[in-house]
Amino acid sequence: MDTAQQIAFLGVGRMGAPMARHLLARGHGLMVWNRTPEKARRLAEAGATVAATPAEAVRDADLVITMLADPAALWAVAESVLPALRPGVHWIDTSTVGPEPVRELAGRLPEGVTLTDAPVMGSVDRAATGELWVLAGGDPLPGPVRRVLDALGEVTVCGPAGSGAALKLVLINTAVGGVALVAEALRLGGALGLPEDLVRAQLARGPLAGAVARAYADASHFPVALAAKDVALATARAPLPILESVHAALTSRPELAGRDLSALRP
């Protein structure tokens, strides 16, 4: 991989930080920025340069990677970044924002700048080891983009711009909905007097096996608040009564907002 490329990484929170560390470990030069500066400064010890603003971070970049919480955060960063982008820069957005913001952002790029939507499946553990599942919108992918995405994990090219963001909504809502269903099954089992270990083991033998594993994961961190945001992005697009109920469950206990999705378990 061409480690001579200068990368600006904007958004080094729970997911962005391990992704950035992994790229640093592979020899890339990184200029990092985060809305909470302390999170960016932690990467300085690993060799990153910390920028005071998004515009400063991208000014000399060959590649820009964003990992931001939601569409509002992406637009806030874009307002600062767009005037500072040079022709030839490739922007990779790994945020989960849905296809519309991606397509709108692509339409606002300066001439000579490309955008690839590449949201990821997998949590902090897989981000740290370069084992994410990358859903890339944009076919064909520019060579420098493909090489960096390959470093982050397994790449699935989904089609034209926005298709990666669209598929991410489908997959993440399947995962969140599955965990919510497992949580309800455990509550039902408890109400019927069944031991949790028995219910868990039998659920894990059926089609919900992956959701059961995620419901008990202890090396992941996908905050309930972000899961609720992802479900809201989906329910805004189509009538999805089951996911609307999942969203209600995710938002009914504010004390869980910052905890991992596995906190839905009783």
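Every chain is numbered on its own, with residues counted from 1 as its sequence reads. This being a predicted model, a pLDDT of at least 70 is required before a residue's local features are given, and a value of 80 or more before pairs of side-chain atoms are given or counted; all residues contribute to the totals for chains, interfaces and linings. Here the side-chain values reflect all heavy atoms present in the structure, with hydrogen atoms and water set aside.

Engineer: I'd like to hear about the environment of G138, residue by residue, with values.
Structural biologist: Segments assigned H or I by DSSP are reported as helices when at least four residues long, segments assigned E as strands when at least two residues long, and all are numbered from the N terminus. Tracing the backbone through its elements, the reader meets G138 in the loop between β8 (132–137) and α7 (143–152). Taking relative accessible area as the criterion, G138 reaches 14% and is therefore assigned buried. The sequence separation of G138 and T116 amounts to 22 residues, and the corresponding C-alpha distance is 5.8 Å. By definition, residues are in contact when any of their heavy atoms lie within 4.5 Å. The contact partners of G138, leaving out residues within four places of it in the chain, are V157, G159, P160 and A161. The classification of residues rests on relative accessible area computed with a 1.4 Å probe and restricted to protein chains. Under 20% of the type maximum is buried, over 50% is exposed, and intermediate values are partly exposed.

Engineer: Explain the UniProt feature "domain: 6-phosphogluconate dehydrogenase NADP-binding" (unreviewed entry) in the protein residue by residue, including any values.
Structural biologist: UniProt positions are given in the numbering used here, feature names are shortened, and annotations may be inferred rather than shown by experiment. In the numbering used here, UniProt assigns the "domain: 6-phosphogluconate dehydrogenase NADP-binding" (unreviewed entry) feature to residues 6–155. Annotated as 37% helix and 23% strand, the span residues 6–155 places its first and last C-alpha atoms 21 Å apart.

Engineer: Tell me what's going on with the pairing of strand β2 (residues 29–33), and back it up with residues and numbers.
Structural biologist: For β2, the buried fraction is high: 4 of the 5 residues fall into the buried class. Following DSSP output, two strands are said to pair if at least two bridges run between them. Examined bridge by bridge, strand β1 (residues 6–10) and β2 share 5 bridges and lie parallel to one another. What sits directly across from L10, in β2, is W33. By definition, the crossover connecting two strands over a helix is right-handed if that path, from the first strand to the second, turns clockwise as seen with the strands pointing away from the viewer. For the segment spanning β1, helix α1 (residues 16–25) and β2, crossover handedness is right-handed. Alignment of β2 against strand β3 (residues 49–50), held across 2 bridges, turns out to be parallel. Looking at β3, one finds that M31 is bridged to T49.

Engineer: Break down the packing of aromatic side chains for me, citing the residues and quoting the values.
Structural biologist: In summary, the pairing rule links any two rings of Phe, Tyr or Trp, Trp by its six-membered ring, whose centres are within 6.5 Å, and it sorts them by plane angle into stacked for under 30 degrees, edge-to-face for over 60 and tilted for everything else. In total, this model carries 0 aromatic pairs according to the counting rule given. Only Lys NZ and Arg CZ are tested; either one counts as a charge over a ring when it is within 6 Å of the ring centre and within 35 degrees of the ring normal. When the ring centre of Y216 is taken as origin, the NZ or CZ atom of R200, which lies over that ring, is 3.6 Å away. Sitting over the face of the ring of Y216, R265 holds its NZ or CZ atom 4.1 Å from the ring centroid.

Engineer: Can you tell me about the packing of helix α8 (residues 163–191) against helix α11 (residues 224–235), naming the residues and giving the values?
Structural biologist: Interaxial angle, 0 to 180 degrees, is taken between N-to-C directions of lines fitted to C-alpha atoms, where a helix line uses only the stretch in contact. At a minimum axis distance of 9 Å, the contact between α8 and α11 shows a crossing angle of 125 degrees. Judged by the angle between their axes, α8 and α11 are oblique. In this structure, the crossing between α8 and α11 has a hand that is left-handed. Mapping the contact onto sequence places L169, I172, N173 and V176 in α8 and A227, D230, V231, L233 and A234 in α11. Class assignment for the residues of the contact of α8 with α11 results in 7 nonpolar, 1 polar and 1 charged. Should an angle fall under 35 degrees it is called roughly parallel, over 145 degrees roughly antiparallel, and 65 to 115 degrees roughly perpendicular, with every other angle called oblique. Should the near helix be turned anticlockwise from the far one by less than a right angle, the crossing is termed left-handed; should it be turned clockwise, right-handed. Throughout this entry, Asp, Glu, Lys and Arg are counted as charged residues, while Ala, Val, Leu, Ile, Met, Phe, Trp, Tyr, Cys and Pro are counted as nonpolar. The remaining residues, Gly among them, count as polar.

Engineer: Please set out the side chain of H90 residue by residue, giving values where relevant.
Structural biologist: Inspection of the secondary structure assignment puts H90 in strand β5 (residues 90–93). Among the residues examined, H90 registers a relative accessible area of 15% and is labelled buried. Here the side chain of H90 touches T114 through a polar contact of 2.6 Å, side chain to side chain. Apart from the residues within four sequence positions on either side, H90 is in contact with D62, L63, V64, T114, P142, P144 and V145. Pairing of N or O atoms within 3.5 Å defines a polar contact, subject to two protein rules: one partner must be a possible hydrogen donor and the other a possible acceptor, and residues neighboring in sequence count only if both atoms are side-chain atoms.

Engineer: Requested: an account of helix α5 (residues 99–107), with residues and values cited.
Structural biologist: Every α-helical turn comprises 3.6 residues, leaving residues that sit three or four positions apart pointing alike. All of the buried residues along α5 are P99, P101, V102 and L105. Down the axis of α5, the buried side of the element spans an arc of 165 degrees, and every buried residue falls inside it. Buried positions along α5 lie against α4 (71–81), β5, β6 (114–117) and α8. Taken from the helix axis, the directions to the C-beta atoms give the arc we talk about.

Engineer: Any details on a positive patch on the surface? Residues and values, ideally.
Structural biologist: A surface patch of positive charge is lined by R14, R21, R35, K39 and R42. Turning to its location among the elements, R35 is positioned in the loop between β2 and α2 (37–41). According to the relative accessible area criterion, R35 is exposed, its value standing at 72%. Patches here are clusters of residues that have more than 30% relative accessible area and form no salt bridge, with a 9 Å joining cutoff for like charges and a 5 Å cutoff for nonpolar side chains (Val, Leu, Ile, Met, Phe, Trp, Tyr). All accessibility values rest on the Shrake-Rupley procedure with a 1.4 Å probe; residue burial counts only the protein chains present in the view. In what follows, salt bridge is the name for a side-chain nitrogen of Lys or Arg lying within 4 Å of a carboxyl oxygen of Asp or Glu. By the counting rule applied here, Lys and Arg register as positive and Asp and Glu as negative, while His and the ends of each chain are not counted. We put the charge of a Lys on NZ, of an Arg on CZ, of an Asp on CG and of a Glu on CD.

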